[in-house]
Amino acid sequence: MTVTIVGSQLGDEGKGGIVDVYGDAVDVVVRYQGGDNAGHTVVYEGDEYKLSLVPSGAVRGKVGVLGNGCVVNPATLFEELDALADRGLSPDVRIAERAHAILPYHRVLDGLEEDVKSDDDLAAGTTGRGIGPTYEDKAGRRGIRIGDLLAPATLRDRLEYVVPQKRALVEDVYDLEIGEDVDGTAFDADDLFETYRAFGERIAAEDMAVNCGAFLNRRLEAGDEVMFEGAQGTSIDIDHGIYPYVTSSNPTAGGAAVGSGVGPTVVGGGEVIGIIKSYLSRVGTGPLPTELGSVAGQTPGAEDDGTVDGDAADEDTDLATYIRDEGGEYGTVTGRPRRVGWLDMPMLRHATNTNGFTGLAVNHLDVLAGLETVAVGHAYRLDGETLLTMPPTTERWGDCEAELRRFDGWPEAEWGAIAEAGYEALPENARAYLEYISAELDTPIYAVGVGPGREETIVVESPF
Ligand code: IMP
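Keep in mind that this is a model prediction, so the values were computed, not measured.

**Concerning the packing of helix H12 (residues 345-355) against helix H15 (residues 428-441)**
Thinking step 1. For the pair H12 and H15, the least separation of the axes is 10 Å and the interaxial angle reads 50°. By the angle between their directions, the pair H12 and H15 is classed as oblique. Here H12 runs over H15; the crossing is right-handed. For the pair H12 and H15, the contacting residues are Met345, Leu348, Arg349 and Thr352 in the first and Tyr436, Ile437, Glu440 and Leu441 in the second.
Thinking step 2. Residue composition of the contact of H12 with H15, grouped by class: 5 nonpolar, 1 polar and 2 charged.

If you want it as structure tokens, here you go:
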């Protein structure tokens, strides 16, 4: 069977930890979208592993697959694999031949476009990994796929077609000088050919390339348990998220089929687990109706001192700082402070509709401990009406005002002991909070995270 793990908010919900907790029963872990924009932290036997591309299950000796829906930077992939090897791990990672490769010019162009967009407040605050430009080339049918790296003549042809276009973009559109204003090797077809051909040779030598759909279907027929590990989250899905402040792929459950070559009936016949952080965090720009305080450079109108449009620093700013520090809300990949806010229920109802969750995992419940009151955005007010789910345009979403519902807080506790004792050992007020979420989304709670380690996750129900 398959289990699909999906972020139900804006990314960083703690998906890696849940993949890890359910991972024992799994044989193959598959990423179906995104690339090295996806920072995930896995704690295994007391050691912390920060990964951005290698599927987190691979740390535990599972087969990790980067599906055709991924965009793969081979330089990052080999850096991560080599770093894991230095720590005594030898993960078995396969890459779909249909996956697209990120090239150095994609990273450069990611930065250039963000700079231009920032003049109009349209920058998505990307991770700068070249994700958007690579998916653009995929859709524009000028991309270079992993399979092309294994076929030097094809690689050469593709580069000779595409590199002059990229050079023209830099020189004629951005009016910059290659080699002067931007790194020359990123736009040198010969250089790129040598580097990427060598990546191809290593992929071939280590037998990493697969026909993803065929590979997975074979494994499923043989009785293997397969987990699809979504990166990012529903509200930054290119189709269902807060466009244009989104990533360029489909983190939603449908992406698991398209991005791996396994049929939608197979994905739908398994379980789809929505991962929820007990509050909200966001890296990037755009509106956020339940935001507390602000982060300069990300919250629209934010000042350097955490205030918005000159408002005095207030209780919300203090709450934001508390949650950010307790939750370690700083980007895994970029180290940027994340914006934080209360749980947004209209966002979660939207995620439930879009993904068809069969279960929920609620993380970071411990982070809110010690607060007297915990609030959630239960609904939105928009034009005098109450909305229970997100409006389809981001501009209208920005006009929404959160209607808060307040819950009595719960105290700090011995979370490790609670996790061992099980769900009923959770403080009563924390359970009331969880039961509200489950009832509103009409979906059972499968797991509750009360700390970063595997042993600090309460498993209520196993999908396998
Ligand atoms: P990109 O994926 O680098 O193109 O960035 C596009 C948007 O998605 C930006 O707002 C990023 O902050 C956000 N984003 C990308 N990856 C992640 C992630 O793993 N967690 C949270 N936000 C992300």
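**Description of the site of the ligand**
Thinking step 1. Within the structure, the ligand sits among 19 residues, and Asn37, Ala124, Thr127, Thr247 and Val283 are positioned closest to it.
Thinking step 2. In the environment of the ligand, a nitrogen atom lies 3.1 Å from a nitrogen or oxygen atom belonging to the side chain of Asp12.
Thinking step 3. Contact distances for the ligand include 2.7 Å between an oxygen atom and a backbone N or O atom of Val283.
Thinking step 4. Compared with its free state, where it exposes 470 Å², the ligand has 96% of that area covered by protein.
Thinking step 5. Across the shell around the ligand, the residue classes tally to 7 nonpolar, 9 polar and 3 charged.

**With respect to the nonpolar core**
Thinking step 1. In terms of nonpolar packing, the biggest core is built from 103 residues, with Leu77, Leu426 and Tyr433 touching the most fellow members.
Thinking step 2. With near-sequence residues (within four places) excluded, Leu77 lies in contact with Leu53, Val54, Leu66, Val72, Val93, Ile95 and Met208.
Thinking step 3. Counting 14 residues, the second largest nonpolar core, distinct from the first, contains Ile5, Val19, Val21 and Ala361.

**Some thoughts on the packing of aromatic side chains**
Within a pair of aromatic rings, the relevant descriptors are the distance that separates the centres and the angle that separates the planes.
Thinking step 1. For the coordinates displayed, the defined rule picks out 7 aromatic pairs.
Thinking step 2. Note on Tyr105 and Phe187: the rings are 6.4 Å apart at their centroids and 40° apart in plane angle, and the pair reads as tilted. A residue pair is termed long-range when its members are at least 10 positions apart, and Tyr105 in helix H3 (residues 104-118) and Phe187 in the loop between helix H6 (152-173) and helix H7 (189-205) qualify at 82 residues. Across the pair, exposure class does not vary: Tyr105 and Phe187 are buried alike.
Thinking step 3. Feature note: the residues Phe407, Trp410, Tyr433 and Tyr436 constitute an aromatic cluster, connected by ring pairs.
Thinking step 4. Sitting above the plane of the Phe193 ring, Arg156 keeps its charged end 4.3 Å from the centroid.

**Some thoughts on the domain arrangement of the protein**
Thinking step 1. According to the domain assignment, the protein contains domain 1 (2-94 + 209-276), domain 2 (101-203) and domain 3 (277-456).
Thinking step 2. Relative to domain 3, the C-alpha centre of domain 2 lies at a distance of 36 Å.
Thinking step 3. Each partner contributes residues to the interface: domain 2 has 6 residues there, and domain 3 has 6 residues.
Thinking step 4. Carbon and sulfur atoms supply 39% of the area buried between domain 2 and domain 3, which totals about 380 Å² over both sides.
Thinking step 5. Considering only the surface of domain 2 that becomes buried against domain 3, Gly125, Thr127 and Arg129 emerge as the three largest contributors, covering 62% of it.

**Some points on unusual backbone geometry**
Thinking step 1. The omega torsion across Tyr243 and Pro244 is 10°, close enough to zero to call that bond cis.
Thinking step 2. Relative to the elements of secondary structure, Pro244 occurs in the loop between strand S10 (226-229) and helix H9 (254-258).
Thinking step 3. Phi is positive for Asp207, close to 55°, though the residue is something other than glycine.
Thinking step 4. When you line up the elements, Asp207 lands in the loop between H7 and strand S9 (209-210).
Thinking step 5. The phi dihedral of Asp383 falls on the positive side, at around 50°, and the residue is not glycine.
Thinking step 6. Judged by relative accessible area, which is 59%, Asp383 ranks as exposed.

**Here's the deal with the pairing of strand S2 (residues 28-31)**
Along any regular strand, the residues point their side chains to alternate faces of the sheet.
Thinking step 1. Of the two faces of S2, the one lined by Val28 and Val30 and the one lined by Val29 and Arg31 are each fully buried.
Thinking step 2. Relative to strand S5 (residues 63-66), S2 runs parallel, the two being bridged by 4 bridges. Looking across to S5, one finds that Val28 is bridged to Val63.
Thinking step 3. Of the strand pairs in this sheet, S2 and S10 are connected by 3 bridges, and their pairing is parallel. Within S10, the residue paired with Val28 across the bridge is Val226.

About the cut-offs
Residues numbered from 1 in each chain as written. Predicted model: local features only at pLDDT ≥ 70, side-chain atom pairs only at ≥ 80, totals over all residues. Heavy atoms only, no water. Axes fitted to C-alpha atoms, helices over the stretch in contact; angles between N-to-C directions. Helix = DSSP H or I, 4+ residues; strand = E, 2+ residues; numbered from the N terminus. Parallel < 35°, antiparallel > 145°, perpendicular 65-115°, else oblique. Left-handed = near helix turned anticlockwise from the far one by under 90°. Contact = heavy atoms within 4.5 Å. Nonpolar A, V, L, I, M, F, W, Y, C, P; charged D, E, K, R; others polar. Near = heavy atom within 4 Å. Polar contact = N/O pair within 3.5 Å; in protein donor to acceptor, adjacent residues only side chain to side chain. Areas by Shrake-Rupley, 256 points an atom, 1.4 Å probe, with all protein chains shown as cover. Core = buried A, V, L, I, M, F, W, Y, C linked by side-chain atoms within 4.5 Å. Buried < 20%, exposed > 50% of the residue type's maximum accessible area, 1.4 Å probe, protein only. Phe/Tyr/Trp six-rings, centres within 6.5 Å; stacked < 30°, edge-to-face > 60°. Lys NZ or Arg CZ within 6 Å of the ring centre and 35° of its normal. Domains from an automatic or database assignment. Buried area = accessible area lost by both parts, 1.4 Å probe. Pairing = 2+ DSSP bridges.

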